[in-house]
Amino acid sequence: MTGFVDLQVNGYAGVDFNGDSCADQDAAVVCQKLKSDGVKTALATIITAPLDVMIRRIARVAELIDTSAEFASIVSGIHVEGPFINAADGFVGAHPAAAVIPATVETAERLLEAGRGHVKLLTLAPEMDAGAVVTKSLSG
């Protein structure tokens, strides 16, 4: 395979996957620019936000993957970065600390379901007792 693999694309070329909308034409712009910059495949990344907002954004990216061959040719999946991260200063980074929540199997399932099989990476802070989610996910 020739080209770059980017596991975390929050947005690109002025398009934000974490905004309130990502129009079809915006998705096309992202794909064209990523291709022209040598990216072969990428994961669209949704960061920590209130749970209903994250679910809506994940569902939108999944819809783009399902309905746009051009988008799916570059965006091979979704990276859900949060909300199961460490909210402490120095760890939370650009994520809104108020939206960080403890990891539960039920919440993880809601995020994964929103992605309709396209979630390929889910970030969990191991120091935040995410073991139950990992164990459940690995065991089926």
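It should be noted that the structure appears before, not after, this text.
The rules we used
- Residues numbered from 1 in each chain as written.
- Predicted model: local features only at pLDDT ≥ 70, side-chain atom pairs only at ≥ 80, totals over all residues.
- Heavy atoms only, no water.
- Helix = DSSP H or I, 4+ residues; strand = E, 2+ residues; numbered from the N terminus.
- Rg over C-alpha atoms; globule rule 2.2 N^0.38 Å.
- Contact = heavy atoms within 4.5 Å.
- Core = buried A, V, L, I, M, F, W, Y, C linked by side-chain atoms within 4.5 Å.
- Buried < 20%, exposed > 50% of the residue type's maximum accessible area, 1.4 Å probe, protein only.
- Pairing = 2+ DSSP bridges.
- Axes fitted to C-alpha atoms, helices over the stretch in contact; angles between N-to-C directions.
- Right-handed = clockwise from strand over helix to strand, strands pointing away.

K.L.:
Before we move on, could you go through the overall build of the chain and cite the residues and values that matter?
P.N.:
Broken down by element type, the chain carries five helices and six strands. Secondary structure elements in the chain, listed N-terminal to C-terminal, are β-β-β-α-β-α-α-β-α-β-α. In terms of overall size, the chain behaves like a compact globule, its C-alpha atoms giving a radius of gyration of 15 Å where 140 residues would be expected to give roughly 14 Å. Projected onto its principal axes, the C-alpha positions of the chain cover 40 × 35 × 30 Å. Long-range pairs, those at least 24 residues apart, make up 73% of the contacts in the chain with a sequence separation of at least 6.

K.L.:
Quick one: what's the story with the nonpolar core, residue by residue and with numbers?
P.N.:
With 33 residues, the main nonpolar core has Phe 17, Ile 58, Phe 71, Ile 78 and Leu 111 as its most contacted residues. Looking at this core, the elements with two or more residues in it are α1 (24–36), β4 (39–47), α2 (51–67), α3 (69–74), β5 (75–81) and α4 (105–114). Ranked by residues supplied to this core, first place goes to α2 with nine residues. Apart from the residues lying within four places of it in its own chain, the contact partners of Leu 111 are Leu 51, Met 54, Ile 55, Ile 58, Val 80, Gly 82, Pro 83, Phe 84 and Val 119.

K.L.:
Pulling in residues and values, what's your account of the sheet that holds strand β1 (residues 4–9)?
P.N.:
The four strands lie next to each other as β1-β4-β5-β6, forming an open sheet whose pairing is parallel. Taken across any chain shown, the strands that pair with only one partner, and hence form the sheet edges, are β1 and β6 (119–123). Geometrically, the sheet is characterised by an average inter-axis angle of 20° between neighbouring strands, direction not taken into account. Where β4 meets β5, six bridges bridge the pair, whose relative direction is parallel. The partner of Leu 43 across the bridge, within β5, is Gly 77. α2 contacts β4, β5 and β6 of the sheet and is inclined by roughly 170° relative to β5.

K.L.:
I'd like a description of the pairing of β6, backed by residues and values.
P.N.:
As defined by bridge partners, β5 adjoins β6 across four bridges and the pair is classed as parallel. Its bridge partner being in β6, Val 80 is matched across the sheet by Leu 122. Considered for its hand, the β-α-β crossover made up of β5, α4 and β6 is right-handed.

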